[in-house]
Amino acid sequence: MLQVKKQKVVTLESWIDRFTGLANLPDHLRRFLADRSTVIKVSEGTMIFGPGKSPDHMLLLLEGTVRVQQRSDTGREIVLYRVTAGESCVMTTACLLAHEDYTAEGIAATDVKAAAIPRAVFDDLLARSPEFRSFVFYAYSKRMTDLFMIIDEVAFKRLDIRLAQKILTLADDSGVLKTTHQKLAAELGSAREVVSRQLQEFQRRGWVAQSRGTIEILDRENLQALAEVK
């Protein structure tokens with residue numbers, strides 16, 4: 001589990017204004033939150049939390065991306081969601097509220113900077129601040145809606161459509177996606193072999209080109225047309 005090191009940051013309170021709900025806190029609670037929290041930095045690839053670990057901080061992302069994923073007993077993975085700057089992690093919130101251990105893992109997909117709110121401060125503010133409660137539960141409900149959409153997609157939407165959408169979403173501005181078939185399978189909650197076959201079909205149609213660890217979009221128009229199929 002991520003170890004949060006205490007460090008003095010002169011501009012600590014400034015991060016609060018990046019979150020609309022927290023910016024509405026009364027001044028004395030803003031100072032309380034700023035004094036008791038820390039700003040941390042995490043390197044890309046670091047496991048921030050994992051199954052069986054108990055959360056001791058609520059993390060609010062200031063910079064970077066965290067990938068939250070579930071791993072089965074057989075080793076298959078599915079990416080549940082990503083946390084980006086300006087967001088909190090619903091998995092951490094749920095575990096803090098229920099006083100339970102994590103059942104998924106959070107990986108720093110990039111270098112990450114985050115505000116870490118200790119569990120005791122989280123519990124205190126949740127009990128006495130309507131503004132903080134609204135902030136926490138709004139973020140929680142929004143992410144839960146996103147998770148239900150993922151379940152719906154995995155259960156009912158065709159893989160070729162979801163793969164086209166994922167390629168278009170994850171590719172950079174030049175149309176290049178640095179990834180592996182295994183990672184794409186985790187993104188889609190499918191098997192690597194199934195994703196590989198579908199990518200080969202996209203390549204046969206001339207929509208993408210593949211090389212080791214790279215997928216390049218060649219025909220964005222047709223890929224986009226597939227992605228928009230209802």
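- For the protein, an unreviewed UniProt entry supplies the name Crp/Fnr family transcriptional regulator and the organism Actibacterium pelagium.

### A look at the UniProt feature "domain: HTH crp-type" (unreviewed entry) in the protein
Then, in step 1: According to UniProt, the "domain: HTH crp-type" (unreviewed entry) feature falls on residues 157-221.
Then, in step 2: Annotated as 54% helix and 17% strand, the span residues 157-221 places its first and last C-alpha atoms 20 Å apart.

### Details of empty space enclosed by the protein
Then, in step 1: This model, assessed by the stated rule, comprises 2 cavities of 30 Å³ or more.
Then, in step 2: What the second largest cavity holds in volume is close to 60 Å³.
Then, in step 3: Taken together, Ile48, Phe49, Leu59, Leu61, Val66, Val83, Cys89 and Thr92 make up the full set of residues lining the second largest cavity.
Then, in step 4: At the level of elements, β2 (47-49) and β3 (57-63) are the ones that each hand at least two residues to the lining of the second largest cavity.
Then, in step 5: Looking at the lining of the second largest cavity residue by residue, the classes come out as 7 nonpolar, 1 polar and no charged.

### Comments concerning helix α8 (residues 192-204)
Then, in step 1: Relative to the 18 Å expected for 13 residues at 1.5 Å per residue, α8 spans 18 Å between its end C-alpha atoms, a close match to the ideal helical length.
Then, in step 2: Elements in contact with the buried residues of α8: α6 (159-170), α7 (181-188), β9 (208-211), β10 (214-217) and α9 (220-227).
Then, in step 3: After α8 finishes, the residue glycine 206 shows a positive phi value of roughly 85 degrees.

### What to know about the packing of helix α2 (residues 27-36) against helix α4 (residues 119-128)
Then, in step 1: Between α2 and α4, whose axes approach to 11 Å, the crossing angle comes to 170 degrees. By the angle between their directions, the pair α2 and α4 is classed as roughly antiparallel. By crossing handedness, the relation of α2 to α4 is classed as left-handed. Listed contacts from α4 to Leu29, Phe32, Leu33 and Arg36 of α2 are Val121, Asp124, Leu125 and Arg128.
Then, in step 2: When grouped by side-chain class, the residues that make up the contact of α2 with α4 number 5 nonpolar, no polar and 3 charged.

### So, the pairing of strand β4 (residues 65-71)
Then, in step 1: Sheet topology places β4 next to strand β5 (residues 77-84); 7 bridges connect them, and they run antiparallel. Bridge pairing in β5 places valine 66 opposite valine 83.
Then, in step 2: When β4 meets strand β6 (residues 105-108), the two strands line up antiparallel, connected through 4 bridges. Across the sheet, the residue bridging to valine 68 is glycine 106, located in β6.

### Details of the packing of α7 against α8
Then, in step 1: It is the contact of α7 with α8, at a shortest axis distance of 8 Å, that shows an interaxial angle of 105 degrees. By the criterion of interaxial angle, the relationship of α7 to α8 is roughly perpendicular. On α8, the residues that touch His181, Gln182, Leu184, Ala185 and Leu188 of α7 are Arg192, Val195, Ser196 and Leu199.

### Focus: the nonpolar core
Then, in step 1: Counting residues in hydrophobic clusters, the biggest one holds 23 residues, and the most contacted among them are Trp15, Leu22, Leu33, Met58, Leu60, Ile117 and Phe132.
Then, in step 2: Counting residues per element, the ones that place at least two in this core are α2, β3, β7 (112-118), α4 and α5 (130-156).
Then, in step 3: For tryptophan 15, the contacting residues outside a window of four places in its chain are Leu22, Leu33, Ser37, Val39, Leu60, Leu62, Ala115 and Ile117.
Then, in step 4: If you look at the next biggest cluster of nonpolar residues, it comprises 22 residues, including Leu61, Val66, Val83 and Ala104.

Parameters at a glance
- Residues numbered from 1 in each chain as written.
- Predicted model: local features only at pLDDT ≥ 70, side-chain atom pairs only at ≥ 80, totals over all residues.
- Heavy atoms only, no water.
- UniProt positions renumbered as here; feature names shortened; annotations may be inferred.
- Helix = DSSP H or I, 4+ residues; strand = E, 2+ residues; numbered from the N terminus.
- 1 Å grid on protein atoms, 1.4 Å probe; cavity = no way out; pocket = protein on both sides within 12 Å on 5 of 7 lines; lining within 4 Å.
- Points joined across faces, edges and corners; volume = space filled by probe spheres on them.
- Nonpolar A, V, L, I, M, F, W, Y, C, P; charged D, E, K, R; others polar.
- Expected span 1.5 Å × (residues − 1).
- Contact = heavy atoms within 4.5 Å.
- Axes fitted to C-alpha atoms, helices over the stretch in contact; angles between N-to-C directions.
- Parallel < 35°, antiparallel > 145°, perpendicular 65-115°, else oblique.
- Left-handed = near helix turned anticlockwise from the far one by under 90°.
- Pairing = 2+ DSSP bridges.
- Core = buried A, V, L, I, M, F, W, Y, C linked by side-chain atoms within 4.5 Å.
- Buried < 20%, exposed > 50% of the residue type's maximum accessible area, 1.4 Å probe, protein only.

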